[in-house]
Amino acid sequence: AQTVTQSQPEMSVQEAETVTLSCTYDTSESDYYLFWYKQPPSRQMILVIRQEAYKQQNATENRFSVNFQKAAKSFSLKISDSQLGDAAMYFCAYRSGLGGSNYKLTFGKGTLLTVNP
Amino acid sequence: NAGVTQTPKFQVLKTGQSMTLQCAQDMNHEYMSWYRQDPGMGLRLIHYSVGAGITDQGEVPNGYNVSRSTTEDFPLRLLSAAPSQTSVYFCASGGFYGYTFGSGTRLTVV
């Protein structure tokens, strides 16, 4: 079974600074997808960014980018120019590249990000 | 608006009571799932479905039942609520490229 580990229960960053959230995973598969989800106090789960394992290029969405190291099974999220609205719980998640029942997501335990003004 | 509709948003139950959490999606997704979120535990999969008539257990299925009679609906049933089922519940639907989550149900069992 796949596992996802987020080793930082809490992180803080100053507004306008850059912060990196860590995520490692364990899998024997070669084809899979990795996700970062944001959960603000409203508790809505919001997809931040997605990375396909077969792509060597790191995914980027505006101020959010990932550092995907497939051999090391590492998938960190970098938030640049942090804003107060970035304060939230962030979850890393894994999904197998196979279809059918393998569509299920496996989540890490989350990192609570605080943004200081 | 297209998405996942989850009801109710809040619920308080007494131990032993039963209830159904409703989940409906209008995106024609085959895959739907239920998660529970507890402090320090992340989101854990309860049950999932890959299409109408097909369901399977996830990581923490005990105490919960599901059925999938249509593509749109995937209700979660608590047959006899226990305090250990106090949690926030999320329904999600999706597939190849990503998932859409409902707004969650905060359930308290007293």
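Calculation rules
- Residues numbered from 1 in each chain as written.
- Chains lettered and ligands numbered in written order.
- Predicted model: local features only at pLDDT ≥ 70, side-chain atom pairs only at ≥ 80, totals over all residues.
- Heavy atoms only, no water.
- Helix = DSSP H or I, 4+ residues; strand = E, 2+ residues; numbered from the N terminus.
- Buried < 20%, exposed > 50% of the residue type's maximum accessible area, 1.4 Å probe, protein only.
- Pairing = 2+ DSSP bridges.
- Axes fitted to C-alpha atoms, helices over the stretch in contact; angles between N-to-C directions.
- Salt bridge = Lys/Arg side-chain N within 4 Å of Asp/Glu carboxyl O.

Asks: Pulling in residues and values, what's your account of unusual backbone geometry?
Replies: Each neighbour pair has its own omega, and for B:Thr7 with B:Pro8 the value is -5°, a cis peptide bond. Unlike most non-glycine residues, A:Ala16 shows phi in positive territory, near 80°. By the secondary structure assignment, A:Ala16 is in the loop between β2 (10-14) and β3 (19-21). Relative accessible area serves as the criterion here: at 47%, A:Ala16 is assigned to the partly exposed category.

Asks: Before we move on, could you go through the sheet that holds strand β1 (residues 4-7) of chain B and cite the residues and values that matter?
Replies: Residues and elements named next belong to chain B. Taking strand neighbours across the sheet as the criterion, the 4 strands line up as β1-β3-β8-β7 in an open arrangement whose pairing is antiparallel. The open sheet terminates on both sides in strands that have one partner only, identified here as β1 and β7 (64-66). Across the sheet, the mean angle from the axis of one strand to that of its neighbour is 20°, orientation sign disregarded. Pairing analysis gives 3 bridges linking strand β3 (residues 19-25) to strand β8 (residues 76-78), with the strands arranged antiparallel. Paired with Thr 20 across the strands is Arg 77, a residue of β8.

Asks: How would you sum up the pattern of salt bridges? Please name residues and give values.
Replies: In the structure shown here, the tally under the stated rule is 6 salt bridges over all chains. In this structure, A:Arg63 and A:Asp86 form a salt bridge, with 2.8 Å as the shortest nitrogen-oxygen distance. Of this pair, A:Arg63 sits in the loop between β7 (60-61) and β8 (64-69) while A:Asp86 sits in the loop between β9 (74-79) and β10 (88-96), and the two are 23 residues apart along the sequence. Between B:Arg36 and B:Asp38 there is a salt bridge; the shortest N-O distance is 2.9 Å. Accessibility assignment for this pair places B:Arg36 and B:Asp38 in one class, buried. Sharing partners across several salt bridges, the network here consists of A:Arg50, A:Glu52 and A:Lys55.

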